[in-house]
Amino acid sequence: MFRRALSAIHALVLLLALSGPSAVHGQGWPLEFHDPAAEEGEPADLSLPMPCGGAMAFQKVVVPADTTHPLSDRQMRLGASDPESGHLDYFVNAYLRGAFSDGAGGNTHYFISRYELTNDQHAAVLGDCEPPSLRGRFPKLGLSWFEAVEFTRLYSEWLRAEAGGQLPAEDGFPAFVRLPTETEWEYAARGGIRVDEQAFGARQFPMPEGVDHYAWYYANSRGQPRPVGTRGANPLGLHDVYGNAEELILEPFRMNALGRPHGQAGGLVARGGSYRSTADEMYSARRSEWPLFRVTDGQPSAEDTFGVRLVLSTHVSVSDRRLAEISDNWIELFEGPAGQVDDPISEVTLAIEEETNARRKARLIALRELIREDRQKREEAERRILRSTLLNGAILIRLIRDSDRSIERIGRDVVRMSLQIDREGDVEERRKLLERLERARAAIERLRPVREDALQTFGQTLESAASSLDPDRLFDMRDMLRLELGGRGQDVLLALVNDFHDDFVTFSGARDMSPAELLELAVEP
């Protein structure tokens, strides 16, 4: 009864606070209290208002996925390799798609708050409009999971009522605020597409200055929380993903059962470690389980390390049109391509529909699921082959071009030095020129095998791709890499991927190219 009364009081206070003009139109907070990185010339991707003139900064998290197919998503491997904590955070396959899209041919994305929720931001949504302060810039700690979810409800309602036009939307349906899922949190913590695959899979996001530059933990925080945004950002521009507050997650805890989520749902999940954690606990896969309710008194757990980082999301089926697209896409995947009578899933589905014996029908259904699972594994393997073919081809082109340019440049030096030697009358200068000439010739001899080996591998890669890969699938993967590499700002590598794909198309029509023709194909952009 007491907690119900307290919730009612909170709601009444919020309503009274929002009824006055200062709630929406009050003096805006200085940047240092809602987006301190913007003071250094790096503003957030999105800033949304809060009551009392406050604001919250969000970063856009791009998730490469085919926006024309609603069931398309991004597969990734999360977790860590340490068997000592394997039941908590061992490697696991995960899937992600953003709630919002950039339109046909674009990427999907979601938004995650740039900083942990602060005391001032929490107070503003609950109707306390005190001026922002240094103490108010500390992360809001001691929230239970239920209080965190209630906060997202209150803030969502306020945004919808007072700032709906500023919210990102999908099919005209505006976003709402919620806690992040574990996959959303870890994908963003690792750096998303702002880092390459190797860096994404590493224990920590790239931190050349060392962990102290990026995280508040026990050794450098003296066991106390610190103001948000006072340590360096990860590659996505997020602050304090390691340390300071450990951040509450939307879904319940599940163990890792040797690479898959265990079937038993448990307590609440907190991610990223806190100001009380050790340096060894500052890593992307770090997760811990806490009870939803304290054993001592039965009240909701609300540790003084618990904090919150918010996500902007929306519903999956936001319109009738979208729901129809999802249904059509699912049926297409479930039954296989229409009219393809030799497709095993289609054949088994037809047999299931015609089977009247319940036992045989059950066995056919199980067989269809095995076929579908095998197909998914093969399709994922094919995607990896397509991806590696394009990336390896791009690297081979760069190696061929670099070595060829070096051979040409040094060759011009050899011609120039040979002419100088013929004209040089001074014996000592002539000797020096001869030594330089020999070094240049030796460099060319070292570079030629490099170019020839790369050229041979380039030809083999093209031949293998032309013989075994579906050109349409390779084209689709090229477009997917355009989104991914473009989102990371890797324009040079993207240009090389495009060049290799163009070379593949040319080679497919003339697979009897000579080495000289292959060299010209690789060298010419």
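The rules we used
- Residues numbered from 1 in each chain as written.
- Predicted model: local features only at pLDDT ≥ 70, side-chain atom pairs only at ≥ 80, totals over all residues.
- Heavy atoms only, no water.
- Disulfide = S-S within 2.5 Å.
- Helix = DSSP H or I, 4+ residues; strand = E, 2+ residues; numbered from the N terminus.
- Buried < 20%, exposed > 50% of the residue type's maximum accessible area, 1.4 Å probe, protein only.
- Pairing = 2+ DSSP bridges.
- Contact = heavy atoms within 4.5 Å.
- Axes fitted to C-alpha atoms, helices over the stretch in contact; angles between N-to-C directions.
- Patch = residues over 30% accessible without salt bridge, like charges linked within 9 Å, V, L, I, M, F, W, Y side chains within 5 Å.
- Areas by Shrake-Rupley, 256 points an atom, 1.4 Å probe, with all protein chains shown as cover.
- Salt bridge = Lys/Arg side-chain N within 4 Å of Asp/Glu carboxyl O.
- Lys, Arg positive; Asp, Glu negative; His and termini not counted.
- Charge placed at Lys NZ, Arg CZ, Asp CG, Glu CD.

(A) Examining the state of the cysteines more closely. This structure, assessed with the given rule, holds 1 disulfide. Between Cys-52 and Cys-129 runs a disulfide, and the two sulfur atoms are separated by 1.9 Å. Every disulfide takes its handedness from the sign of the S-S torsion; for Cys-52 and Cys-129 that torsion is -70°, giving left-handed. Of the two residues, Cys-52 sits in the loop between strand S1 (46-49) and strand S2 (55-63) while Cys-129 sits in the loop between helix H4 (119-125) and helix H5 (145-162), which places them 77 residues apart along the sequence. Look at Cys-129 and you get partly exposed, because its relative accessible area is 37%.

(B) Looking closely at the sheet that holds strand S10 (residues 246-248). Read from one edge of the open sheet, 4 strands run S12-S11-S10-S13, paired in mixed fashion. Looking along the sheet, the strands with just one partner apiece sit at the ends: strand S12 (287-290) and strand S13 (306-307). Pairing analysis gives 2 bridges linking S10 to strand S11 (residues 268-271), with the strands arranged antiparallel. Across the sheet, residue Glu-247 finds its bridge partner in S11, namely Arg-271. Contacts from helix H6 (residues 182-190) reach S10, S11 and S12, with the element oriented near 5° to S11.

(C) Layout of a negative patch on the surface. Negative charge collects at one region of the surface, where Glu-32, Glu-39, Glu-40 and Glu-42 lie side by side. Mapped onto the fold, Glu-32 is located in the loop between helix H2 (22-25) and S1.

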